[in-house]
Each structure stands twice: as C-alpha cells, then as structure tokens.
Amino acid sequence: MYWNLVTLENLNLLAFLVSLGFLVFSAYSDLRTREVSNWVWAVYLPAAIVILGLRLFIAPGLLVISLVSVLSISCISYLMFRFGLFGGADLKALMCLGVALPTDPMPPLVPFITPNPLFPLAVLYNAYFFSVSVILYS
C-alpha cells in the first residue's frame, strides 16, 4: 500500500528536503560556533545512502550516471579541500550532497536529455558565486 508512494519524484523531493535540512542546520551551526560537528555528516550520509539506494532500486538505469556523479564530486571536493580552497565541513557537505542528489532532482523538460551528473558541483559554484557577491554588497 505505501510502496506506491515510493516514486522517483517523491524520492527526489525527499532527498532535497533532507539535504536542505542538514545544510541549513550545518550553516546555522557554522555561524554560531564556527564549526560543524561530525555527527551531522554521520547522520546525513546514511540517510543519503538509503535514499540513493531506493532511487537506484526504482530506476536502475541511473546507476552509471549516479556512480560517475558521486565519484567525480567526491574527487573534486577532496582536491579542493587539499588545496585549501575550503574546509573539512564543506568537503563532507559536498560528498553527502553528491550521494543524496547525484543528479538534478527535477526531471528534464525534454525527455531525451540525460540527467546532469554534476548537479552537486553546480550547487557548489552557485554557492560560491553568491558568497562572493556579498563582498560587492558590503
């Protein structure tokens, strides 16, 4: 009965809401204490893995693109961390986001277009752009 509620669209919405919740909490924690506890990522990652597993169970055709996305985002994030471009919490957040939302959560408008495997990287670039734009406002 409840299995009918588990659709790809509902899982995408769930992944978005779970990610939004964890990222908002981590941003609040970072602003308040200047650090984000590892327990945030220790809870977020398993939740993201479960959602990804359900997504791949429903749509096994997304396996390759999801794997490419998770691996590429993890590697790029790790390199950016090692070069000092951002901190450990940013690394963990992007890795968790890459697992939770490896592709764009919205279905493409044109049916024959494949999902964007670098969706989390687009999130990173947009966040960086908006954080830098605060300097222009000051």
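1. Concerning helix α2 (residues 38-58)
Part 1 of the reasoning: With 21 residues, α2 should cover 30 Å at 1.5 Å per step; its first-to-last C-alpha distance of 31 Å lies within 8% of that length.
Part 2 of the reasoning: Taken together, the buried positions of α2 are occupied by V40, W41, Y44, A48, I51, L52, R55 and L56. Each buried residue of α2 lies within a common arc of 135 degrees when the element is viewed along its axis, so the set occupies one face. Those residues of α2 that are exposed and angled more than 90 degrees off the buried face are A42, V50 and F57.
Part 3 of the reasoning: Looking at the buried positions of α2, the neighbouring elements they touch are α1 (8-33), α3 (63-82) and α4 (88-100).

2. As for the confidence of the model for the chain
Part 1 of the reasoning: Averaged over all residues, the pLDDT of the chain is 83; the fraction at 70 or higher stands at 86%.
Part 2 of the reasoning: When pLDDT is averaged over each helix and strand of the chain, the minimum, 73, is found for helix α5 (residues 119-137) and the maximum, 93, for α2.

3. Describing the packing of α2 against α4
Part 1 of the reasoning: Where α2 meets α4, the axes come as close as 8 Å, and the angle between the chain directions of the two elements is 15 degrees. On the basis of the axis angle, α2 is roughly parallel to α4. Note that α2 runs across α4; the crossing there is left-handed. Residues N38, W41, Y44, L45, A48, I49, L52 and R55 of α2 form the contact with α4, whose participating residues are A89, K92, A93, C96, L97, V99 and A100.

4. Side note on α1
Part 1 of the reasoning: With 26 residues, α1 ought to run about 38 Å at 1.5 Å a step, and its terminal C-alpha atoms sit 37 Å apart, in line with that.
Part 2 of the reasoning: Of the residues making up α1, those classed as buried are L11, N12, A15, S19, F22, S26 and S29.
Part 3 of the reasoning: Structurally, α1 contributes buried residues whose contacts are with α2 and α4.
Part 4 of the reasoning: A positive phi of about 65 degrees marks R34, the residue just after α1.

5. What to know about the packing of α1 against α4
Part 1 of the reasoning: Between α1 and α4, the shortest axis-to-axis distance is 10 Å and the interhelical angle comes to 170 degrees. As far as their axial angle goes, α4 and α1 are roughly antiparallel. Note on element contacts: α4 touches α1 through A93, L97 and A100, opposite A15, S19 and L23.
Part 2 of the reasoning: When its residues are assigned to classes, the contact of α1 with α4 shows 5 nonpolar, 1 polar and no charged.

Cut-offs and rules
- Residues numbered from 1 in each chain as written.
- Predicted model: local features only at pLDDT ≥ 70, side-chain atom pairs only at ≥ 80, totals over all residues.
- Heavy atoms only, no water.
- Helix = DSSP H or I, 4+ residues; strand = E, 2+ residues; numbered from the N terminus.
- Expected span 1.5 Å × (residues − 1).
- Buried < 20%, exposed > 50% of the residue type's maximum accessible area, 1.4 Å probe, protein only.
- Arc of directions from axis to C-beta.
- Contact = heavy atoms within 4.5 Å.
- pLDDT = per-residue confidence, 0-100.
- Axes fitted to C-alpha atoms, helices over the stretch in contact; angles between N-to-C directions.
- Parallel < 35°, antiparallel > 145°, perpendicular 65-115°, else oblique.
- Left-handed = near helix turned anticlockwise from the far one by under 90°.
- Nonpolar A, V, L, I, M, F, W, Y, C, P; charged D, E, K, R; others polar.

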